[in-house]
Amino acid sequence: MQQTVKSVNYFGCGYCVNNLCRVFKGMHEKRKFPAGVFLIEHSKHGLILFDTGYSEKICKTGIIGRIYNLANPTKVSEQDTIKSQLEKQGIETDKIKYIILSHLHPDHIGGLLDFPKAKIVLSANALDAYRHRSLRQLIMKQFIPKDFEERVIEITKEKTNKTVFDNLKGHDLFDDKSIILVELEGHARGQLCALINHKILLAADSCWGNDLLDISDKMKFPANLIQYNMDDYRKSLEILKQFRKDGIKLMFSHDTYNRKKVL
Ligand SMILES: [Zn+2]
């Protein structure tokens with residue numbers, strides 16, 4: 001039997017609220033940005049998470065947490081965490097074998113401590129950002145397990161040998177074409193996105209919403225400073241448009257989805 005991804009389910013794990021007028025000219029809309037987590041069920045490798053959402057402790061992480069919360073008013077309770085939501089469905093945390101981390105911002109790593117047995121899939125560039133972190137990287141070490149580096153499966157450039165487009169290479173995680181990891185730079189160093197069954201792209205923060213894809217190259221100052229590299233961010237937007245043109249559904253981490261089952 002051919003190995004494949006059997007399903008992908010979506011969970012919103014806390015959210016922050018921001019007015020789009022701070023990011024885009026002429027837009028006035030207070031929008032909720034949920035911290036999305038995707039649960040992937042693979043026919044051979046079992047349950048895999050793509051990111052881990054917010055922790056309810058996000059506001060209690062000292063001065064950086066308070067500044068973050070001031071810029072990004074955040075709402076998350078214990079019941080919103082991915083651990084609680086999985087347990088409500090009868091899924092124990094030990095059942096998660098792998099966690100793919102798109103990048104190490106707090107709304108993606110908040111639940112990491114709740115999965116001590118999972119291997120962590122991360123790009124070599126993101127791991128390097130962790131090792132040489134500065135305030136600008138926004139990596140809150142309170143959410144990083146002590147044995148983090150020992151559990152990391154590092155995705156290096158040498159491993160990214162599968163061609164997705166002419167100008168884009170990816171890494172076939174299980175060598176069965178079910179999950180192809182592609183690095184879309186710009187938002188954070190070494191951000192990983194996951195192409196699932198060649199149908200959907202879990203596109204992390206490469207854009208903040210499907211309706212914002214065509215205007216995100218014109219981000220206002222100082223919002224554009226949130227991005228690690230705006231030139232790379234713009235290049236990634238063009239790659240996303242290429243995926244969209246190919247009929248791949250783009251699923252961003254901070255879009256709102258009404259359906260739980262997305263694949
Ligand atoms: Zn981010």
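The preceding data block contains the structure.
Just so we're clear, the structure is a prediction, and the values are computed from it rather than from any experiment.

Engineer: What am I meant to see in the sheet that holds strand 13 (residues 249–252) here?
Structural biologist: Backbone hydrogen bonds are what pair the strands of a sheet, in a parallel or an antiparallel way. Taken together, 6 strands build an open sheet; the order of strands is 8-9-10-11-12-13 and the sheet is mixed. Across the chains shown, the open sheet's two edge strands, defined by having one partner strand only, are strand 8 (162–165) and strand 13. For this sheet, the mean inter-axis angle between neighbouring strands, taken without regard to orientation, is 35°. As defined by bridge partners, strand 12 (residues 200–204) adjoins strand 13 across 4 bridges and the pair is classed as parallel. Directly across from leucine 201, in strand 13, lies its bridge partner leucine 250.

Engineer: Explain unusual backbone geometry here, please?
Structural biologist: Negative phi values dominate among residues other than glycine, just as trans dominates among peptide bonds. With a phi close to 70°, aspartate 51 is a non-glycine residue in the positive phi region. Topologically, aspartate 51 is positioned in the loop between strand 3 (46–50) and helix 1 (62–71). In this model, alanine 204 sits at a positive phi of 50°, which is unusual for a non-glycine residue. Turning to its location among the elements, alanine 204 is positioned in strand 12.

Engineer: Hey, could you run me through the coordination of the zinc ion in this one?
Structural biologist: In an ideal tetrahedron of four donors about a metal, each angle is 109.5 degrees. In an ideal octahedron of six donors, the angles are 90 or 180 degrees. Ligation of the zinc ion by protein atoms is provided by His103 (NE2), His105 (ND1), His187 (NE2) and Asp205 (OD), these donors lying 2.1 to 2.5 Å from the ion. Considering all 4 donor atoms around the zinc ion, angles at the metal cover 86 to 173° and the coordination shape is irregular. Between consecutive donors of the zinc ion, the numbers of intervening residues give the motif H-x1-H-x81-H-x17-D. Taken as a pair, histidine 187 in the loop between strand 10 (179–183) and strand 11 (192–196) and aspartate 205 in the loop between strand 12 and helix 6 (230–245) lie far apart in primary sequence, 18 residues in all. Each member of the pair, histidine 187 as well as aspartate 205, is classed as buried.

Calculation criteria
Per chain, residues are indexed from 1 in the order of the written sequence. Note on the predicted model: pLDDT of at least 70 is required for a residue's local features to be given, and 80 or more for side-chain atom pairs to be given and counted; whole-chain, interface and lining totals, by contrast, use all residues. Neither water nor hydrogens contribute to the side-chain values; these are computed over all heavy atoms in the structure. One requirement defines pairing of two strands: DSSP has to find at least two bridges between them. Helix and strand definitions here come from DSSP, where helices need a minimum of 4 consecutive H or I residues and strands a minimum of 2 consecutive E residues; each element is numbered from the N-terminal end. The angle between two axes is taken between their N-to-C directions and runs from 0 to 180 degrees, where each axis is a line fitted to C-alpha atoms and a helix contributes only its stretch in contact. Coordination shells were defined by N, O and S atoms within 2.8 Å of each metal, extended to 3.2 Å for Na, K and Ca; water is absent from the atom set, which can make sites look incomplete. Think of it this way: with four donors and all angles in the 85 to 135 degree range, the site is tetrahedral; with four or six donors, opposite ones beyond 155 degrees and the rest between 65 and 115, it is square planar or octahedral; otherwise it is irregular. Summary of the burial criterion: residues with accessible area below 20% of their type's maximum are buried, those above 50% are exposed, and those between are partly exposed, where the area comes from a 1.4 Å probe applied to protein chains only.

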